[in-house]
Amino acid sequence: MANTNPLQFVQQTRAEIAKVAWPSRKEVMLTTVMVFIMASLFAVFFFVVDLLIRFGLQGLLAAVS
């Protein structure tokens, strides 16, 4: 790899950043809302699974003792 001076590095970096397809404000808001929805759904799912396991183990331990 060839060594470049700092000026060339900055120019190349700016050229690469210009190629990036930045998301629109609407896309960012939509994906943010989707992340919150999915996180909430997963939280509810794991809460229900935890309750089922707890009640199952409590019932099992009550039956044994």
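Residues numbered from 1 in each chain as written. Predicted model: local features only at pLDDT ≥ 70, side-chain atom pairs only at ≥ 80, totals over all residues. Heavy atoms only, no water.

Glancing now at the overall build of the protein. Per the secondary structure count, the protein includes 2 helices and 0 strands. Taking 65 residues into account, the globule formula puts the C-alpha radius of gyration at 11 Å, and the protein, at 26 Å, lies well above it. Expressed as lengths along the three principal axes of its C-alpha atoms, the size of the protein is roughly 75 × 35 × 15 Å. Within the span of the protein, comprising 65 residues, buried residues form 0% of the whole. Carbon and sulfur atoms make up 74% of the accessible area of the protein, which totals about 6,400 Å². (Helix = DSSP H or I, 4+ residues; strand = E, 2+ residues; numbered from the N terminus. Rg over C-alpha atoms; globule rule 2.2 N^0.38 Å. Buried < 20%, exposed > 50% of the residue type's maximum accessible area, 1.4 Å probe, protein only. Areas by Shrake-Rupley, 256 points an atom, 1.4 Å probe, with all protein chains shown as cover.)

Right, let's talk about the UniProt feature "transmembrane region" (unreviewed entry) in the protein for a bit. Cross-referencing UniProt, the feature "transmembrane region" (unreviewed entry) maps to residues 28-53 in the present numbering. Regarding residues 28-53, the helix share stands at 100% and the strand share at 0%, and the terminal C-alpha atoms are separated by 37 Å. (UniProt positions renumbered as here; feature names shortened; annotations may be inferred.)

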